[in-house]
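Structure assessment
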Amino acid sequence: IWRGISLVKKGGYFGFIVPDRLCSNKQFTKLREHLLKQFCLYRIWFRPAFEGVISDNVIFIIKKIKPDAKTKVGIAEYPSDKFKPIYQKSYLDLSDYSWMIVDERILRIFERIKKKEGVFELSNKFNTSVGFIAKSGTVSQTSQNESQIEVYKGENIGRYYDSGKFYFNFNLVF
């Protein structure tokens, strides 16, 4: 794909049939970001069927012109050939630039949620994906000394917000 897009002239089109892993796998994040920032996604057709092919695929067509805030991409899922327009920016706003079938009504709901005060993506607030087990009574609701670290318990985390934190004296024992 990288080689192909390097050959496209300004204003030219490029189309490819690829496994649908391109749309969301982490290894393709940089490619999706580049395509979204440097090209107009013209069409994405999810799950087209090909006789004798077992994998899930996607067909994408891009045009080599810089997109703007009003650029729309037509998306459809096979067998439909009716492409629904959505803003390309919808994909640019995702942290991993994933391409997916998007319902414009759902996007508007998420936009309203994101505008609320105190709303954040968990990945922007937390630097871990693991928890820890603490002895009963070692986690406090207020900071009691400088060696304590801020921790979150399940009760602190709402769907789109946090409701405070706890404190834990995290001492490494060797």
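The preceding data block contains the structure.
Residues numbered from 1 in each chain as written. Predicted model: local features only at pLDDT ≥ 70, side-chain atom pairs only at ≥ 80, totals over all residues. Heavy atoms only, no water.

1. Section: the overall build of the protein
Note the cut-off: Think of it this way: any DSSP run of H or I at least four residues long counts as a helix, any run of E at least two long counts as a strand, and we number them from the N terminus. Each radius of gyration is computed over the set of C-alpha atoms, and the globule rule expresses the reference value as 2.2 Å times the number of residues to the power 0.38. Between buried and exposed lies partly exposed: a residue is buried under 20% and exposed over 50% of the maximum accessible area for its type, with that area taken using a 1.4 Å probe on protein chains only.
Check the secondary structure of the protein and you find five helices and eight strands. When the elements of the protein are put in sequence order from the N terminus, they spell out α-β-α-β-β-β-β-α-α-α-β-β-β. Radius of gyration (C-alpha) of the protein: 22 Å, far over the 16 Å computed for a compact globule of 174 residues. Over its C-alpha atoms, taken along the principal directions, the protein stretches across nearly 65 × 40 × 30 Å. Buried residues in the protein amount to 28% of all 174 residues.

2. Considering the sheet that holds strand S3 (residues 57–63)
Heads up, the rule is: If DSSP finds at least two bridges between two strands, the strands pair. Axis angles are defined between N-to-C directions and span 0 to 180 degrees, where every axis is a line fitted to C-alpha atoms and, for a helix, only to the segment in contact.
Pairing in this open sheet of five strands is mixed, and the strands run S1-S3-S2-S4-S5 from one edge to the other. Both edges of this open sheet fall to strand S1 (13–19) and strand S5 (84–87), since each of them pairs with a single strand only. Ignoring which end each strand starts from, the neighbouring axes of this sheet average 20° apart. With four bridges joining them, strand S2 (residues 40–46) and strand S4 (residues 72–77) adopt parallel strand pairing.

3. Concerning the environment of Val 58
Operational definition: Contact definition: two residues touch when any of their heavy atoms are within 4.5 Å.
On the secondary structure map, Val 58 appears in strand S3. Excluding residues that lie within four positions of it along the chain, Val 58 makes contacts with Phe 16, Ile 17, Val 18, Pro 19, Asp 20, Cys 23, Ile 44, Trp 45, Phe 46 and Pro 48.

4. Re the nonpolar core
Basically, it comes down to this: Residues enter a nonpolar core if they are buried and are Ala, Val, Leu, Ile, Met, Phe, Trp, Tyr or Cys, with the set joined through side-chain atoms within 4.5 Å.
Judged by nonpolar contacts, the single largest core of 24 residues is most densely connected at Ile 44, Tyr 91 and Trp 99. Secondary-structure elements contributing two or more residues to this core are S1, helix H2 (29–38), S2, S3 and S4. With residues near it in sequence (within four places) discarded, Trp 99 still touches Leu 22, Cys 23, Arg 32, Leu 35, Leu 36, Leu 41, Ile 44, Phe 46, Phe 60 and Tyr 91.

5. Some details on the pattern of salt bridges
When their charged atoms lie close together, side chains carrying opposite charge are able to pair. For clarity, the cut-off: We define a salt bridge as a side-chain nitrogen of Lys or Arg found within 4 Å of a carboxyl oxygen belonging to Asp or Glu.
Evaluation of the coordinates by the stated rule reveals three salt bridges. Residue Glu 77 is joined to Arg 47 by a salt bridge in which the shortest nitrogen-to-oxygen separation is 2.8 Å. One end of the pair, Glu 77, is in strand S4; the other, Arg 47, is in the loop between S2 and S3, with 30 residues separating them in the sequence. We classify Glu 77 as partly exposed; its relative accessible area is 35%. Across the salt bridge formed by Lys 89 and Asp 93, the nearest N and O atoms sit 2.9 Å from each other. Take Lys 89: its relative accessible area is 40%, and that puts it in the partly exposed class.

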